[in-house]
Amino acid sequence: MSLKEIFAQLNIFTQCGKYGVSLWQCPQFLFLIMGVVIIGSTLAAYAIGSRYIEEPQIVALIVLVVTAVLFMVAASITRSFERLAEANRMKSEFVSVVSHQLRSPLSNFRWAIELLMSGRIGQIEEKQLEYFKILKENSNRMKELVSDLLTVSRIETAELPTKKEECHLEDIIKDFIKEFQPFATASNVEIAFKPQLNLPKVLVDASQIKLVIENLLDNAIRYIKEPGKVEIRLERQNEQLYFEIKDTGVGIPKDDQKYIFQKFFRSENIMRHQTQGTGLGLYIARAIIEKLGGKIGFKSQEGKGSTFYFTLPIK
Amino acid sequence: MPKTILFIEDESALQKTFGEIFKQEGYEMTSALDGEVGLRLAKTKKPDLILLDLILPKINGFDVLKQLKEDPDTKEIPVIVLTNLEGMQDIEKVIGLGATTYLIKANYSLVEVMEKIKKALGE
């Protein structure tokens, strides 16, 4: 952290400005006040105590008053944190409402395009088809974004319900590989899957774990820009199931690695390739894996590829 | 006799799109833009299938479904719910009320919705 950043952190007024609440509702400011009261009252107690030591009642009274003041300040700090949490929750709720509202026009849009493209209501020319394809792809992108946003807002308002059932992870993975095969072939990517034999089932929410595997597999294929390979491993490690997906893609630049699980973060080198994506997939993946009691992580080298892994507890 | 489908959905754009598809597939579509009209048409027209949205003006889709299944005149008609709601509770509630299938709009293409409809019609 540079000196300038430290000063910026110390500037309470700008810090509080960011929250959009008044100074008396801002935790940083209230802590400062509390600090001032503590120091001031300690000095005052010393000064008064050394002069009127023969009257302990006064000292006791001062201590009582100071405690009361501190109590009030602490109460407002708690309240201010509540307000901030509330503001955050309202923001997530807003995102959820907006996303829901976006879905209806989006469905109309997607289905109307599908109807047009099917040629059922009149033949379309080759050149028109190109543009219909653009419309279709982009409406699908919008659909993905909206559904990612909904998942994120559910995670943030702690409303992502988990319905655990026993699953064979290798079956889920095999299904996805089949589903992604055309995309992989089109991208010149070979997928290899090596599960250990006799793997135990895990207790997970199938729809959520599918979201994780889908995201990781999609990323692995998407960010391979030359003919390449994706290798998936699944094995038992003590009381955990270990999943690993290794690609020969563009990799994540070192400076970007610490941000990779952040919401909306997209690495600088993939932005260069203009690859589509919402920057929400890994954020969602981490939230889900952690909720299921596992760990997620990665190793990556720019230009060489990335390896993402997660663990899940067995029972 | 072409089979009849009652589409209870407040989005007129969807009524239009599906109307076109149904016409081409040889079905007759009756549309209702709110729950009240939907219930009335279900009783008078006795369609072969009902395609039902959940968020509807006047009477919402859950109540429409409940009333359809309570009425001896309409309880045998298969109901496909086509909605944007995707909460587990909503799905369970709707299936519990007796809907044949629950389709989330965002997850299906027109062709796939059509397949589900044909299946529900026993084709």
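Analysis parameters
Residues numbered from 1 in each chain as written. Chains lettered and ligands numbered in written order. Predicted model: local features only at pLDDT ≥ 70, side-chain atom pairs only at ≥ 80, totals over all residues. Heavy atoms only, no water. Core = buried A, V, L, I, M, F, W, Y, C linked by side-chain atoms within 4.5 Å. Buried < 20%, exposed > 50% of the residue type's maximum accessible area, 1.4 Å probe, protein only. Domains from an automatic or database assignment. Contact = heavy atoms within 4.5 Å. Pairing = 2+ DSSP bridges. Helix = DSSP H or I, 4+ residues; strand = E, 2+ residues; numbered from the N terminus. Axes fitted to C-alpha atoms, helices over the stretch in contact; angles between N-to-C directions. Phe/Tyr/Trp six-rings, centres within 6.5 Å; stacked < 30°, edge-to-face > 60°. Lys NZ or Arg CZ within 6 Å of the ring centre and 35° of its normal. UniProt positions renumbered as here; feature names shortened; annotations may be inferred.

K.L.:
Can you walk me through the nonpolar core in this structure?
P.N.:
Most often, soluble globular proteins keep nonpolar side chains buried together rather than apart. Core analysis: the biggest nonpolar cluster contains 50 residues, and Leu169, Ile209, Ile232 and Phe310 of chain A have the highest contact counts within it. Per-domain counts for this core show at least three residues from each of domain 1 (1–160) and domain 2 (165–313) of chain A. If near-sequence neighbours (up to four positions away) are discounted, Phe310 of chain A is found in contact with Leu169, Ile209, Val212, Ile213, Leu216, Leu241, Tyr242, Phe243, Ile289, Lys295 and Ile296 of chain A. Within the second largest apolar cluster, 24 residues are counted, among which are Ile50, Ile59, Val64 and Leu65 of chain B.

K.L.:
In this structure, what is going on with the sheet that holds strand S2 (residues 189–195) of chain A? I would like to understand it.
P.N.:
Residues and elements named next belong to chain A. The strand order S2-S4-S5-S7-S6 describes an open sheet built from five strands, whose pairing is mixed. This sheet does not close on itself; its edge strands, each paired only once, are S2 and strand S6 (295–301). The mean angle between the axes of side-by-side strands here comes to 10 degrees, regardless of whether they run parallel or antiparallel. Note: strand S4 (residues 228–237) against strand S5 (residues 240–247), eight bridges, orientation antiparallel. The residue of S5 that forms the bridge with Arg236 is Leu241.

K.L.:
Mind showing me how you'd approach the packing of aromatic side chains here?
P.N.:
The description of two aromatic rings rests on the distance between their centres and on the angle between their planes. Under the defined criterion, the tally for this structure stands at 12 aromatic pairs over all chains. Aromatic pair Phe261 of chain A and Phe298 of chain A: ring centres 5.9 Å apart, planes at 65 degrees, arrangement edge-to-face. Remark: Phe298 of chain A occurs in strand S6 and Phe261 of chain A occurs in the loop between S5 and helix H8 (268–272); sequence separation between them is 37 residues. The exposure class of Phe261 of chain A is buried, given its relative accessible area of 10%. Ring geometry for Phe22 of chain B and Tyr27 of chain B: centres 6.3 Å apart, planes at 80 degrees, overall edge-to-face. Joined through ring pairs, the aromatic side chains of Trp111 of chain A together with Phe7, Phe18, Phe22 and Tyr27 of chain B make up one cluster. The ring of Phe62 of chain B carries Lys93 of chain B above its face, with NZ or CZ at 4.2 Å from the centroid.

K.L.:
Honestly, the UniProt feature "transmembrane region" (unreviewed entry) in chain A in this entry has me stumped. Any pointers?
P.N.:
Residue and element names in this part refer to chain A. According to UniProt, the positions carrying the feature "transmembrane region" (unreviewed entry) are residues 29–49 and 58–77. Spanning residues 29–49, this segment combines 100% helix with 0% strand, and its end C-alpha atoms are found 29 Å apart. With 100% helix and 0% strand, residues 58–77 has end C-alpha atoms that lie 29 Å from one another.

K.L.:
Explain the UniProt feature "modified residue: 4-aspartylphosphate" (unreviewed entry) in chain B to me, please; I cannot follow it from the model alone.
P.N.:
Residues and elements named next belong to chain B. With numbering aligned to this structure, UniProt lists the feature "modified residue: 4-aspartylphosphate" (unreviewed entry) at Asp53. Along the chain, Asp53 falls in the loop between strand S3 (49–52) and helix H3 (61–70). Apart from the residues within four sequence positions on either side, Asp53 is in contact with Ile8, Glu9, Asp10, Gly61, Leu82, Thr83 and Lys105.

K.L.:
How do you make sense of the sheet that holds S3 of chain B when you look at a structure like this?
P.N.:
The strands making up a sheet associate through hydrogen bonds between their backbones, and the pairing can be parallel or antiparallel. Residues and elements named next belong to chain B. What the five strands build is an open sheet, ordered S2-S1-S3-S4-S5; its pairing is parallel. Since the sheet does not close on itself, it has two edges, and those belong to strand S2 (28–32) and strand S5 (101–104), each with one partner. With strand direction ignored, the average angle separating the axes of adjacent strands in the sheet is 20 degrees. Pairing between strand S1 (residues 4–8) and S3: four bridges, direction parallel. Paired with Ile8 across the bridge in S3 is Leu52. Sheet strands in contact with helix H5 (residues 110–120) are S1, S3, strand S4 (79–83) and S5, and its direction is about 165 degrees off that of S4.

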